[in-house]
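A closer look at the structure
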Amino acid sequence: MAVLGRIVDWDEKHGYGFIEEQDHCQKVFFHVRDMRDTQAGPHLNEMVEFDVISDLNGCHLALNISPTLMK
């Protein structure tokens, strides 16, 4: 199930950042390679839709990230 959130931290030099889930429960790590549309690149405060998985250490990661319009 896709989750809505907002990009709250973005390090362009290293290609990673954090997305805050819409309900403010947690911040989720993401890498630019996990974005569906990499032409425009991520922007601070951009609203996105994404999937969340846990890695082997239990850290949450965002995958299949795509921009979305808030209704």
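Residues numbered from 1 in each chain as written. Predicted model: local features only at pLDDT ≥ 70, side-chain atom pairs only at ≥ 80, totals over all residues. Heavy atoms only, no water.

With that out of the way, let us pick up the pairing of strand 5 (residues 60-67). Inspection of the sheet shows strand 4 (residues 47-54) paired to strand 5 by six bridges, in the antiparallel sense. Among the inter-strand pairings, aspartate 51 is bridged to a residue of strand 5, identified as leucine 63. The antiparallel hairpin formed by strand 4 and strand 5 contains five residues in its connecting segment, where glycine 58 sits at a positive phi of about 85°. (Pairing = 2+ DSSP bridges. Helix = DSSP H or I, 4+ residues; strand = E, 2+ residues; numbered from the N terminus.)

Quick look at the packing of aromatic side chains now. For the coordinates displayed, the defined rule picks out three aromatic pairs. Counting every residue linked through ring pairs, the aromatic cluster contains Tyr16, Phe18 and Phe29. (Phe/Tyr/Trp six-rings, centres within 6.5 Å; stacked < 30°, edge-to-face > 60°.)

Glancing now at the pairing of strand 4. The pairing of strand 1 (residues 3-11) with strand 4 spans four bridges and is classified as antiparallel. By the bridge assignment, glycine 5 is partnered in strand 4 with valine 48.

Nothing here speaks to function; it is geometry throughout.
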